[in-house]
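Next come the chains, spelled out residue by residue.
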Amino acid sequence: MSGGSDWIDVDKLLLAAGWLGSCEVLEVVDSTNTFAMQRSQRAEVRELPLLVIARLQTAGRGRGANTWWSESGSITCSLLIAPSLYQVRSEQWPILSVLAGSAVCSALAEFANGCVPRLKWPNDVYLRERKVCGILVEAPSVSDDRVVIGLGINANNSFAECPDDLAEIGTSLADATGTQVNCLELLSRVLHHLRGDLERLGANDRRLIDTWRAQCLLTGRHIVLDDHQRRIEGTCLGIDDDGALRIQTSFGPQRVLSGVVVEF
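Since we're looking at a predicted model, the values are computed, not measured. (Residues numbered from 1 in each chain as written. Predicted model: local features only at pLDDT ≥ 70, side-chain atom pairs only at ≥ 80, totals over all residues. Heavy atoms only, no water.)

(A) Summary view of the packing of helix α3 (residues 96-109) against helix α7 (residues 206-215). As a packed pair, α3 and α7 sit with axes 10 Å apart at the nearest point and diverge in direction by 70 degrees. Relative to α7, the element α3 is oriented roughly perpendicular. In this structure, α3 uses Val98, Leu99, Ser102, Cys105 and Ser106 to contact α7, whose residues at the interface are Leu208, Thr211, Trp212 and Gln215. Grouping the amino acids of the contact of α3 with α7 by side-chain chemistry returns five nonpolar, four polar and no charged. (Axes fitted to C-alpha atoms, helices over the stretch in contact; angles between N-to-C directions. Helix = DSSP H or I, 4+ residues; strand = E, 2+ residues; numbered from the N terminus. Parallel < 35°, antiparallel > 145°, perpendicular 65-115°, else oblique. Contact = heavy atoms within 4.5 Å. Nonpolar A, V, L, I, M, F, W, Y, C, P; charged D, E, K, R; others polar.)

Structure below.
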């Protein structure tokens, strides 16, 4: 997140919004997800959701062995939640990366000056065909009612300063729109949409699924997906009710619940 006025009493302002149970702002941390995972062991229900924000993240993690590049102007945070508080069942946890990506899409759309954020299944958000946000959802223990939702949002950081291998695939909100954004306002809107979507998921509100399908970047595109056991190639048919990706292959339609889209 950028410095200056965005950081003045950020914890008090976010807590005043009425949803968070607690908020921790860290100067430097290796990974907000790692920090939140460690806090999950002793966090009480009254402290949840717990938001962990880092001014500087030195070893942000993505899916698998991926890392997350962050610079001044980006938002790096993790949210520790108890899904049962929203009537979200453990079998629905795999959907949370799609749900979080959709909430980010909805929030970014309010600041994107007509650019349309799109959800790249299962855990990325794209703007102008480039990645603007990555999401990492982790459960500290399958037996505990705790899930960590990590968010890395490129807000005011410029990809003119990023490593060469990221310059062609990533962007920031500022790069895409040509204007700076108040990071605190953007994060507040993300949290607003995330809270509403968690409540809709727990209530089995089908409008949530319709939103995911409308936001899906991959629908109609020829894709190659690696599900860690095989590569699946075909035309994306969109996101199914349970968050699975539907693909029309030469062997017929298939559903994939987890994996990485490596070509699209």
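(B) Helix α2 (residues 32-39), seen in detail. When α2 is considered as a whole, its buried residues turn out to be Thr32, Asn33, Phe35, Ala36 and Arg39. All buried residues of α2 lie within an arc of 160 degrees about the axis, which places them on one face of the element. (Buried < 20%, exposed > 50% of the residue type's maximum accessible area, 1.4 Å probe, protein only. Arc of directions from axis to C-beta.)

(C) Examining the confidence of the model for the protein more closely. On average, the protein scores 90 in pLDDT, and the residues at 70 or more come to 90%. Every residue in residues 1-5 is under pLDDT 50, and counting partners more than four places away or in other chains gives 15 contacts. (pLDDT = per-residue confidence, 0-100.)

(D) Quick look at unusual backbone geometry. Omega for the peptide link from leucine 48 to proline 49 comes to -5 degrees, which places this bond in the cis form. Tracing the sequence through the fold places proline 49 in the loop between α2 and β2 (50-57). That bond from tryptophan 121 to proline 122 is cis: its omega, 0 degrees, falls within 30 degrees of zero. Tracing the chain through its elements places proline 122 in the loop between β6 (118-120) and β7 (124-127). Unusually for a residue other than glycine, glutamate 129 sits at a positive phi of about 70 degrees.

(E) View of the environment of histidine 192. Relative to the elements of secondary structure, histidine 192 occurs in helix α6 (residues 183-202). In sequence terms histidine 192 and tryptophan 19 are 173 residues apart; their C-alpha atoms lie 8.4 Å from each other.

(F) Representation of the nonpolar core. Leu14, Leu51, Trp121, Leu186, Leu194 and Leu245 are the most contacted members of the largest nonpolar core, which totals 65 residues. In terms of nonpolar packing, the next biggest core, distinct from the first, is built from twelve residues, Ala54, Leu80, Ala82 and Val148 among them. (Core = buried A, V, L, I, M, F, W, Y, C linked by side-chain atoms within 4.5 Å.)

(G) Focus on the sheet that holds strand β9 (residues 147-154). Strand order across the open sheet formed by seven strands is β1-β2-β5-β9-β8-β7-β6, with mixed pairing between neighbours. Two strands bound the open sheet, and with one partner strand each, they are β1 (22-29) and β6. If you compare each strand with its neighbour and ignore which way they point, the axes differ by 20 degrees on average. Note that strand β5 (residues 74-81) and β9 share eight bridges and pair antiparallel. Its bridge partner being in β9, cysteine 77 is matched across the sheet by leucine 151. Across the face of the sheet, α3 comes into contact with β6, β7, β8 (130-138) and β9 while running at roughly 140 degrees to β8. (Pairing = 2+ DSSP bridges.)

(H) Representation of the pairing of β7 within the structure. Burial of the side chains of β7 extends over both faces: Asp124 and Tyr126 are buried on one face and Val125 and Leu127 on the other. Where β6 and β7 come together, three bridges link them in antiparallel fashion. Paired with arginine 118 across the two strands is tyrosine 126, which belongs to β7. In textbook terms, the turn of a hairpin is the stretch between consecutive antiparallel strands, and for β6 and β7 this stretch comprises three residues. Strand direction decides the pairing type here: β7 and β8, joined by four bridges, are antiparallel. Note on β8: the bridge partner recorded for leucine 127 is arginine 130. Linking β7 back to β8 in an antiparallel pair, the connection comprises two residues, with arginine 128 at a positive phi of about 55 degrees.

(I) Fine view of the pattern of salt bridges. Summed over all chains, the structure comprises 19 salt bridges. Between glutamate 44 and arginine 46 there is a salt bridge; the shortest N-O distance is 2.9 Å. A relative accessible area of 41% places glutamate 44 in the partly exposed class. The network of salt bridges with shared partners includes Arg206, Arg213, Asp240, Asp241, Asp242 and Arg255. (Salt bridge = Lys/Arg side-chain N within 4 Å of Asp/Glu carboxyl O.)

(J) Examining the side chain of lysine 120 more closely. Mapped onto the secondary structure, lysine 120 falls in strand β6. Here lysine 120 falls in the buried class, since its relative accessible area comes to 6%.

(K) Summary view of the pairing of β5. The element β5 is largely enclosed, with a buried count of eight among its eight residues. Neither face of β5 is exposed, since Ser74, Thr76, Ser78 and Leu80 on one face and Ile75, Cys77, Leu79 and Ile81 on the opposite face are all buried.

(L) Up close: the packing of aromatic side chains. Under the definition given, this model contains two aromatic pairs. Considering the side-chain rings of tryptophan 19 and tyrosine 86, the 6.3 Å spacing of their centres and the 65 degrees angle between planes classify their relative orientation as edge-to-face. Taken together, the residues span a long stretch of sequence, with tryptophan 19 in the loop between α1 (10-16) and β1 and tyrosine 86 in the loop between β5 and α3 at a distance of 67 residues. Its relative accessible area of 8% is what places tyrosine 86 among the buried residues. Both rings, one in tyrosine 126 and one in phenylalanine 264, keep their centres 5.8 Å apart while their planes meet at 80 degrees; by these two values the pair is edge-to-face. With tyrosine 126 in strand β7 and phenylalanine 264 in the segment after β14 (260-263), this pair connects stretches of sequence that are 138 residues apart. (Phe/Tyr/Trp six-rings, centres within 6.5 Å; stacked < 30°, edge-to-face > 60°.)

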